[in-house]
Amino acid sequence: MVSGLGLKRWGKTQIICLIALLFFIFVIFLPPVYVLSYAFKSSFVLNESSKIALFNSLLIGGVVTIFDLLLGLPVAWVLAKRKHMHFRFLIDTLIDMPLVVPTSILGLSVFYFWNDGMGSLLGLEGGLISKGPLLITLLHFVFTFPYVVRSIEAAILQIDATHEQAATMLGASPLTVFRTISLPLFKAGLISGAILAYTRSLSETGATMMVSGFYSTAPTIVVDYKTAGDIHSAAAISVVLIGIAVILLVLTKLLSASFRVPMSTVWPSEERMLSRKYVKARDILVSLLVFLVILLPTFYIVLSRLDVVKPETILALAGDSMILESIFVSFVVGLIVTAVNLMLAIPLGILISKNMFKLGNLVDTMGDVILLVPTSALGLSLSLFWKNFSLNEFLVLVLAHLSFTFPLMVKPIAASLTGVDPHLEDAARTLGANSRKVFRTIVYPLIKPGILAGLIMTFMRSLSETGATMSVSGKIKTIPVLLVELFNKGGMDDNAVLACITLFAVSFAFILALKKQEVNNAQH
Amino acid sequence: MPNIEVRGLCKSFGSHRVLKDVSFTVKNREYVVVLGSSGCGKTTLLKCIAGLYDVDSGSVFFDGVDYTDKRPEERNLGFFFQHYALFSHMTVRENVGYSLTARGLDKREIDKIVDENLSIVGLSSWSGNYPRELSGGMQQRAALARVLATKSKLLLLDEPLNALDSKIASILRSELKTLSKKFGWTVIHVTPNQEEALELADRIILIKDGVVEQVQSDVDSYLKPKTSYGAYFIGESNFLKAAVVDAHSVKYNGLMFSVSRDIGLEGDVLLAARPEKILFERHERNTLEGVIEAVHFLGKTTRYDINYKGKLVYVETSKHPKLKVGDSVELYFPPDDIMVYPLSQMPGDEVTVI
């Protein structure tokens, strides 16, 4: 039995972990799920427009997920299998961009692309696609796509390539190998990617509000209800959304275990032909679609409005106290949240990875639940919870951000801690290091990439989150919230666009840093 | 069909040249073992022959037909993977029948062939189990059955006996040999294990750093290896640096040594002698005096480390003379058993020359 950090005795580690755990439960976990208490109130009803909005969300999520899979599968395959492809680093980075660019900016960019951009290209007066379900679908497609690609790619990379080689040597054509060997082995990644994309589509609020027009989805109607003061209707649909998210989480775990891909029959000549003839056509089609539907809309705002980056507008922005203040608030909140979460995530990461107090799995799942709670429901829940304690608005904002960013911090840290071979810790102990020294000299260097990933993801999520922030903020506005408001009031002036481009650049810098780190790790 | 010809094969990974101009032929029904230390390029060689790696240059011929650019699934080879590569999501039956399913045979035919092959390897009662439920030895048999079911006459085996304990490995070794003769296979078997090579091979191809060092029959590989690396890697050898006197004698440390075979070299040479050929006897020539430094009882034989002027000579014998540490002994190198190599051809950096 390997003891790792010497958990047989109660020591400082245990006490710190316990404190972190209590803080986690009461400050991080409870507020996002507080709204569930409304499920037991007599006023719990789902009215007609809520039902329609919910149906819209479920449908859009389904359509988006199907297209994500159709396009994401070949992209993930190519990224996983062609490690020495030209421009691989660039493609890899570009595909992750929608993950880190604030969704409100994505919403803006996607709207400008499909409405104005394509409209003027095709000479259409009112734009090619106006606000409504189609534009929502296109937007959701953009920001869910990286989730699907990343999950599938990670799962494909796990497959021992000799399995595929063995099938090849047994006479299977590439398509047959893919269908009968690779797919069954990475189906778990496929399913979890699909669920991630679906729940993300189901929950996105801020950007959706920019492109929905008069069409309602479940998250936007939550905001509408809340603005109108109808807390009970808002709570009801929030509870249903959380319920769906949890059911999907459970389904993922069940499905990936029992779902079998049909593989007993093979059509050798047809599959052989398909493996060869249409590969080139497929690659070209996929590249074109990714470029046109994902990449171009994402970058459109930067590409089309670079004209605003000039001294006059920069000076004007410097004088625009409203935007500057919002940017300042966003960065301060981001930094505080990142710092607090880091202090919390290391002990809890240790707790999860060592399954301390036998609570590791539970805490991990609690984190998953927070991730799955739709942001507008989460925002509602947070605002309802923190209203009970008359706290200062800024503090509530920080506490809200702590909640929804925490899983992003703890996941990578716990994962890299789990990856640390406990024998190394034991070896260091036998060489005379105490537990603090073991952590500093052995564990910390090994989990540094996980910490860095957590830091960047937490900061970027805090900087970009819109839906939940909207629900808890009153006078103090973060930059994404301000942008959505300006946009919907028709007040997107050059200053606002410049702010978008600035944030876009910041996101790009962060993702580059993250990618470089990944590449460095891969080399070691 | 199968005779195989590999011509001028080169393969690099990045800047690392793994195979450097490898050529050899394998005759129909021949069992060839490719032997070499880990990292010498033997698995790469096998995967190049199978088409799993594209070659940088060179060609592979099966029965005189150039297969270099054929896809691996069209080569109709049986390939046995080092760690079996059994499909974890399929039962033993599905694994063994995979090549038949992939060819679109009908179910009844597949079942028949699978049953036949499972009974050959003795796994009939395990057909419904998943690979993880099988022991290492059984997994190895399942993988073998999967290769057998392809009905291919040409087998490429990548360290097939590696992960097994020595007892099971030795049983499977002899089964492999029996089966290969029974079914008339042509086999290329890759291993770092020289005993395995000697037991199984009709011919041994010895590879060092991506270059073919020597190709010889199993007996010649041991008794008269063409290179000093062969003398070093196949079995064991003591290496001595000596100066040529005439065609049949050399001078070592002022002592005269007779050599039976024609030396055919001049100046300084490298002598090699197997530990089990050296005798505890005194003769007029070919004799050294040393002191026993360590005695290792190995069961069938005993091995002595003998200090000769600060360097160690190894002697292995099955006669168990009652010698102990500190005893002075005389070592006789029979002229028939001395191999001679040019001094320029050192067997390896880690080898000590006495």
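It should be emphasised that the depicted structure is a prediction, and the values quoted were computed from it without experimental measurement.

Here is what the cut-offs are and how they apply
- Residues numbered from 1 in each chain as written.
- Chains lettered and ligands numbered in written order.
- Predicted model: local features only at pLDDT ≥ 70, side-chain atom pairs only at ≥ 80, totals over all residues.
- Heavy atoms only, no water.
- Phe/Tyr/Trp six-rings, centres within 6.5 Å; stacked < 30°, edge-to-face > 60°.
- Buried < 20%, exposed > 50% of the residue type's maximum accessible area, 1.4 Å probe, protein only.
- Helix = DSSP H or I, 4+ residues; strand = E, 2+ residues; numbered from the N terminus.
- Lys NZ or Arg CZ within 6 Å of the ring centre and 35° of its normal.
- Pairing = 2+ DSSP bridges.
- Contact = heavy atoms within 4.5 Å.
- Axes fitted to C-alpha atoms, helices over the stretch in contact; angles between N-to-C directions.
- Core = buried A, V, L, I, M, F, W, Y, C linked by side-chain atoms within 4.5 Å.
- Salt bridge = Lys/Arg side-chain N within 4 Å of Asp/Glu carboxyl O.
- Patch = residues over 30% accessible without salt bridge, like charges linked within 9 Å, V, L, I, M, F, W, Y side chains within 5 Å.
- Areas by Shrake-Rupley, 256 points an atom, 1.4 Å probe, with all protein chains shown as cover.
- Polar contact = N/O pair within 3.5 Å; in protein donor to acceptor, adjacent residues only side chain to side chain.
- Domains from an automatic or database assignment.
- Buried area = accessible area lost by both parts, 1.4 Å probe.
- Lys, Arg positive; Asp, Glu negative; His and termini not counted.
- Charge placed at Lys NZ, Arg CZ, Asp CG, Glu CD.
- 1 Å grid on protein atoms, 1.4 Å probe; cavity = no way out; pocket = protein on both sides within 12 Å on 5 of 7 lines; lining within 4 Å.
- Points joined across faces, edges and corners; volume = space filled by probe spheres on them.
- Nonpolar A, V, L, I, M, F, W, Y, C, P; charged D, E, K, R; others polar.

A.B. asks: Quick question: what am I supposed to make of the packing of aromatic side chains here?
C.D. replies: Between two aromatic rings, the relevant description is the distance of the centres plus the angle of the planes. The final tally for this structure, using the stated rule, is 28 aromatic pairs over all chains. Centroid distance A:Trp386 to A:Phe389: 5.7 Å. Interplanar angle 50 degrees. Geometry classified as tilted. Assessed through its relative accessible area of 9%, A:Trp386 is described here as buried. Judged by relative accessible area, A:Phe389 falls into the partly exposed class, the value being 40%. Centroid distance B:Tyr229 to B:Tyr232: 6.0 Å. Interplanar angle 50 degrees. Geometry classified as tilted. Separated by 3 residues within a single helix, B:Tyr229 and B:Tyr232 lie in helix α9 (residues 228–233), roughly one turn from each other. A relative accessible area of 25% places B:Tyr232 in the partly exposed class. Each member of the aromatic cluster is reached from another via a ring pair, and the members are A:Tyr34, A:Phe385, A:Trp386 and A:Phe389. The ring of A:Trp77 carries A:Lys81 above its face, with NZ or CZ at 5.0 Å from the centroid. Directly above the aromatic system of B:Tyr222 lies the positively charged group of B:Arg274, at a separation of 4.1 Å from the ring centroid.

A.B. asks: I keep staring at the sheet that holds strand β1 (residues 4–13) of chain B and nothing clicks. Help me out?
C.D. replies: Either a parallel or an antiparallel arrangement is found when strands of a sheet pair, and the pairing is made through backbone hydrogen bonds. Residue and element names in this part refer to chain B. Here we have 4 strands laid out as an open sheet, ordered β2-β1-β4-β5, and antiparallel in their pairing. The open sheet has two free edges, formed respectively by β2 (16–26) and β5 (65–66), since each of these has just one partner strand. Relative to strand β4 (residues 57–62), β1 is paired through 5 bridges, and the arrangement is antiparallel. Bridging from a neighbouring strand, Arg 7 pairs with Ser 59 of β4. Helix α1 (residues 42–50) rests against β1, β2 and β4 of the sheet, and its axis sits at about 65 degrees to β2.

A.B. asks: Help me out: how do you make sense of the nonpolar core in this one?
C.D. replies: Inside soluble globular proteins, nonpolar side chains tend to come together where they are buried. Residue and element names in this part refer to chain A. Membership of the largest hydrophobic core comes to 84 residues, with the highest contact counts inside it found for Phe 186 and Met 492. Per-element accounting of this core gives the leading share, 13 residues, to helix α5 (residues 133–158). Sequence-distant contacts of Met 492, that is, excluding residues within four places in its chain, are made with Leu 108, Tyr 112, Leu 483, Leu 486, Phe 487, Val 497 and Cys 500. In this structure, Ala 245, Met 366, Leu 402 and Leu 417 belong to the second largest nonpolar core, which totals 75 residues.

A.B. asks: How should the sheet that holds strand β9 (residues 203–208) of chain B be read in this particular structure?
C.D. replies: Residues and elements named next belong to chain B. Taken together, the 6 strands give an open sheet; going across it, the order is β6-β7-β8-β3-β9-β10, and neighbouring strands pair in mixed fashion. On the outer flanks of this sheet lie β6 (78–80) and β10 (211–217), each paired with one strand and no other. Recorded for the sheet is a direction-independent mean angle of 15 degrees between the axes of neighbouring strands. Direction of pairing for strand β3 (residues 31–35) relative to strand β8 (residues 186–191): parallel, over a ladder of 5 bridges. Counted as the bridge partner of Leu 35 is Thr 191 from β8. The strands touched by helix α5 (residues 136–148) within the sheet are β6 and β7 (154–158), with β6 carrying the most contacts at an inclination of about 165 degrees.

A.B. asks: Explanation requested: the pattern of salt bridges in the structure shown.
C.D. replies: It is possible for side chains of opposite charge to pair when their charged atoms get near one another. Residue and element names in this part refer to chain A. Applying the stated rule across the entire model yields 25 salt bridges over all chains. Put simply, Arg 150 and Asp 96 hold a salt bridge, and the shortest N to O gap is 2.8 Å. Residue Arg 150 is located in helix α5, and its partner Asp 96 is located in helix α3 (residues 88–100); the two are separated by 54 residues in the primary sequence. Of the two residues, Arg 150 and Asp 96, both sit in the buried class. Between Glu 153 and Arg 150 there is a salt bridge, with the nearest N and O atoms lying 2.3 Å from each other. On the criterion of helical spacing, the pair formed by Glu 153 and Arg 150 is a turn pair, its members being 3 residues apart in helix α5. This pair shows no difference in class: Glu 153 is buried, exactly as Arg 150 is. Overlapping salt bridges, with partners in common, bring together Asp 92, Asp 96, Arg 150 and Glu 153 in one network.

A.B. asks: What's the story with a nonpolar patch on the surface in this structure? I'm lost.
C.D. replies: A surface patch of nonpolar side chains, about 610 Å² in accessible area, is lined by A:Phe55, A:Leu59, A:Val63, A:Ile66, A:Phe67 and A:Leu70. Following the sequence through the fold, A:Val63 ends up in helix α2 (residues 48–81).

A.B. asks: I tried to follow the environment of B:Glu5 on my own but got confused; where do I start?
C.D. replies: All names here are of chain B. Positionally, Glu 5 belongs in strand β1. Taking C-alpha positions, Glu 5 is 6.4 Å from Val 26, a pair spaced 21 residues apart along the chain. If sequence neighbours within four positions are ignored, Glu 5 has contacts with Phe 24, Thr 25, Ser 59, Val 60 and Phe 61. One polar contact links Glu 5 to Arg 7, side chain to side chain, over a distance of 2.9 Å.

A.B. asks: Whenever I open this one, α1(B) confuses me. Can you help?
C.D. replies: The periodicity of an α-helix, 3.6 residues per turn, causes residues three or four positions apart to be oriented the same way. Counting buried residues along α1(B), 8 of its 9 residues qualify, which places the element largely inside the surrounding structure. Within α1(B), burial applies to B:Lys42, B:Thr44, B:Leu45, B:Leu46, B:Lys47, B:Cys48, B:Ile49 and B:Ala50.

A.B. asks: Just checking my understanding: could you explain the domain arrangement of chain B for this structure?
C.D. replies: Residues and elements named next belong to chain B. Under the domain assignment used here, chain B contains domain 1 (4–228) and domain 2 (238–342). For domain 1 versus domain 2, the separation of C-alpha centres amounts to 39 Å. Domain 1 puts 8 residues into the contact, and the matching count from domain 2 is 7 residues. Contact between domain 1 and domain 2 buries roughly 570 Å² in total, counting both sides, with carbon and sulfur atoms accounting for 51%. Three residues stand out in domain 1 for area buried against domain 2, namely Tyr 222, Pro 225 and Ser 228, and they jointly supply 72% of the buried area on that side. Linking domain 1 with domain 2 are 0 salt bridges, by the criterion used here.

A.B. asks: Please explain a negative patch on the surface as it appears in this structure.
C.D. replies: Negative charge collects at one region of the surface, where B:Asp54, B:Asp56, B:Asp66 and B:Asp69 lie side by side. By relative accessible area, which is 62% here, B:Asp54 ends up exposed.

A.B. asks: What should I look at first to understand empty space enclosed by the protein in this one?
C.D. replies: Residue and element names in this part refer to chain A. In this structure the tally under the stated criterion is 5 cavities of 30 Å³ or more. The calculated volume of the largest cavity comes to roughly 60 Å³. Along its surface, the largest cavity is lined by Thr 103, Arg 200, Glu 204, Thr 205, Gly 206, Thr 375, Arg 461, Ser 464, Glu 465, Thr 466 and Gly 467. Class assignment of the residues belonging to the lining of the largest cavity gives a composition of no nonpolar, 7 polar and 4 charged.

A.B. asks: Quick question: what am I supposed to make of the pairing of strand β17 (residues 311–317) of chain B here?
C.D. replies: Residues and elements named next belong to chain B. Summarising the sheet, strand β16 (residues 302–308) and β17 pair through 7 bridges and their orientation is antiparallel. Bridge pairing links Thr 302 to Thr 317 in β17. What sits between β16 and β17 in their antiparallel hairpin is a turn of 2 residues, with Lys 309 showing a positive phi close to 50 degrees.

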